[in-house]
Amino acid sequence: MLSYSVYKILHLIGIIGVFTGLGALIMHACHGGKKGVKGTKMVKWTIYGSLGIVLVAGFGLMARLNMMGTGWPLWIYLKVVIWMGLGGAVALIGKKSQWAAGLFYAVIAIGGLAAWVANYKPL
Ligand code: HEM
């Protein structure tokens, strides 16, 4: 049985993996985002793997906070939407490399929003 703290650390490791990967992908897009460049597949799989860790550890945290039984509060749905948005950013960065610089700051803002949602739990 993993403790709340272990799930929180795993959740944060996943988050770090997602943002490190998105940063690398955005920098690659700033240089034109050429397909098949060495390392891009590794970065993409790291992002997807990290998103998986964020999700599983997020549900682990919910279990330790006894939130799995009842209907989810809105803030959890907000987190899931943010999580899906970060996954979608991978495809968007690949398709719209001309937006790379803007996406760079948008991703940081989304991370900040998730941290705010996690700590203030609106609604
Ligand atoms: C499926 C999606 C997710 C679920 C179910 C989820 C769930 C949770 C839960 C239950 C907590 C613990 C809240 C508490 O201890 O009171 C938490 C904390 C947190 N989550 Fe998530 N989360 C998800 C996605 C994300 C994403 C995508 C991010 C960042 C982009 C994120 C950032 C955070 C942060 C920063 C904390 C607080 C950590 C701290 O206080 O040390 N979460 N999350």
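Each chain has its residues counted from 1, following the order in which its sequence is written. Side-chain atom pairs in this predicted model are given and counted only at pLDDT of 80 or more, local residue features only at pLDDT of at least 70, and totals for whole chains, interfaces and linings cover all residues. In computing side-chain values, all of the structure's heavy atoms are included and hydrogens and water are not.

### Thoughts on the coordination of the iron atom of the ligand
So, step 1. Only His-11 (NE2) and Lys-79 (NZ) from the protein coordinate the iron atom of the ligand, and they sit 2.1 Å from it.
So, step 2. Listed donors are limited to N, O and S atoms within 2.8 Å of the metal, widened to 3.2 Å for Na, K and Ca; water is not among them, so incomplete-looking sites are possible. Sites are called tetrahedral only when four donors show all angles between 85 and 135 degrees, square planar or octahedral only when four or six donors show opposite pairs over 155 degrees and all other angles between 65 and 115, and irregular in any remaining case. Around the iron atom of the ligand, the 6 donor atoms sit at angles spanning 80 to 176°, and that spread fits a shape best called octahedral. Note that His-11 is positioned in helix α1 (residues 4-30) and Lys-79 in helix α3 (residues 74-95), a separation of 68 residues in sequence. Only DSSP runs of H or I reaching four residues or more are called helices, and only runs of E reaching two or more are called strands; each is numbered from the N terminus.

### Observations concerning the site of the ligand
So, step 1. Here a residue is near a molecule or strand as soon as one of its heavy atoms is found within 4 Å of it. Near the ligand lie 22 residues; those nearest to it are Tyr-4, His-11, Leu-55, Lys-79 and Lys-121.
So, step 2. A 3.5 Å cut-off defines polar contacts: any pair of N or O atoms within that distance qualifies, except that in protein one atom must be a possible hydrogen donor and the other a possible acceptor, and neighbouring residues in sequence count only when both atoms are side-chain atoms. Within the side chain of Lys-79, a nitrogen or oxygen atom sits 2.6 Å from a nitrogen atom of the ligand.
So, step 3. Only Asp, Glu, Lys and Arg are considered charged in this grouping, and only Ala, Val, Leu, Ile, Met, Phe, Trp, Tyr, Cys and Pro are considered nonpolar; every other residue, Gly among them, is considered polar. Taken together, the residues that form the shell around the ligand break down as 16 nonpolar, 3 polar and 3 charged.

### Side note on α3
So, step 1. For α3, built from 22 residues, the straight-helix expectation of 32 Å at 1.5 Å per residue is met to within 8% by its first-to-last C-alpha distance of 31 Å.
So, step 2. Bend, at a single residue, is the angle you get between axes fitted to the 7 residues ending at that residue and the 7 residues starting at it. The largest bend in α3 comes to about 30°, at Ala-89.
So, step 3. Accessible area is worked out with a 1.4 Å probe on protein chains only. A residue is then buried under 20% of its type maximum, exposed over 50%, and partly exposed in between. Those residues of α3 that fall on the buried side of the exposure criterion are Trp-75, Ile-76, Ile-82, Leu-86, Gly-87, Ala-89, Val-90 and Ile-93.
So, step 4. Pairs of residues are marked as contacts when any of their non-hydrogen atoms sit within 4.5 Å. On its buried face, α3 sits against α1, α2 (40-64) and α4 (100-120). Here the expected length of a helix is defined as 1.5 Å per residue gap, with one fewer gap than residues.

### A word on the nonpolar core
Generally speaking, soluble globular proteins have nonpolar side chains that are buried together.
So, step 1. Formed by 18 residues in total, the largest nonpolar core has its most connected members in Val-18, Leu-22, Leu-25, Ile-26, Ile-47, Leu-86 and Ile-93.
So, step 2. Once residues lying within four places of it in the same chain are set aside, the contact partners of Ile-26 are Ile-93, Ala-100, Leu-103, Phe-104 and Val-107.
So, step 3. Formed by 5 residues, the second largest nonpolar core is a distinct cluster that contains Met-62, Trp-75, Ile-76 and Val-117. The term nonpolar core refers to a set of buried residues drawn from Ala, Val, Leu, Ile, Met, Phe, Trp, Tyr and Cys, joined through side-chain atoms within 4.5 Å.

### A look at α2
So, step 1. Across its 25 residues, α2 extends 36 Å between first and last C-alpha, which sits within 8% of the 36 Å expected from 1.5 Å per residue.
So, step 2. Every buried residue of α2 is accounted for by Thr-40, Val-43, Ile-47, Ser-50, Leu-51, Val-54, Ala-57, Gly-58, Gly-60, Leu-61 and Met-62.
So, step 3. Contacts from the buried residues of α2 go to α1 and α3.
So, step 4. Two residues or fewer after α2 comes Asn-66, characterised by a positive phi angle close to 50°.

### Some thoughts on the packing of α1 against α2
So, step 1. All axes here are fitted lines through C-alpha atoms, helices being fitted over the stretch that makes contact, and every angle between N-to-C directions spans 0 to 180 degrees. Where α1 contacts α2, the two axes come as close as 7 Å, and the packing angle between them is 155°. Here α2 runs roughly antiparallel to α1, going by the angle between their axes. Taken as a pair, α1 and α2 cross one another with a handedness that is left-handed.
So, step 2. Across the contact of α1 with α2, the residue classes break down as 15 nonpolar, 9 polar and 3 charged. Each angle gets one of four labels, with under 35 degrees taken as roughly parallel, over 145 as roughly antiparallel, 65 to 115 as roughly perpendicular, and the rest as oblique. Two helices cross in a left-handed way if the nearer one is turned anticlockwise from the farther one by less than a right angle. They cross in a right-handed way if the turn is clockwise.

### Regarding unusual backbone geometry
If a residue is not glycine, its phi is most likely negative; likewise, a peptide bond is most likely trans.
So, step 1. Positive phi values are uncommon outside glycine, yet Asn-66 reaches one of about 50°.
So, step 2. Within the secondary structure layout, Asn-66 lies in the loop between α2 and α3.
So, step 3. Asn-66 gets classed as exposed once you look at its relative accessible area, which sits at 67%.
So, step 4. The backbone phi angle of Lys-121 is positive, close to 45°, even though this residue is not glycine.
So, step 5. On the secondary structure map, Lys-121 appears in the segment after α4.
So, step 6. Look at Lys-121 and you get partly exposed, because its relative accessible area is 38%.

The analysis is restricted to geometry; functional conclusions fall outside its scope.
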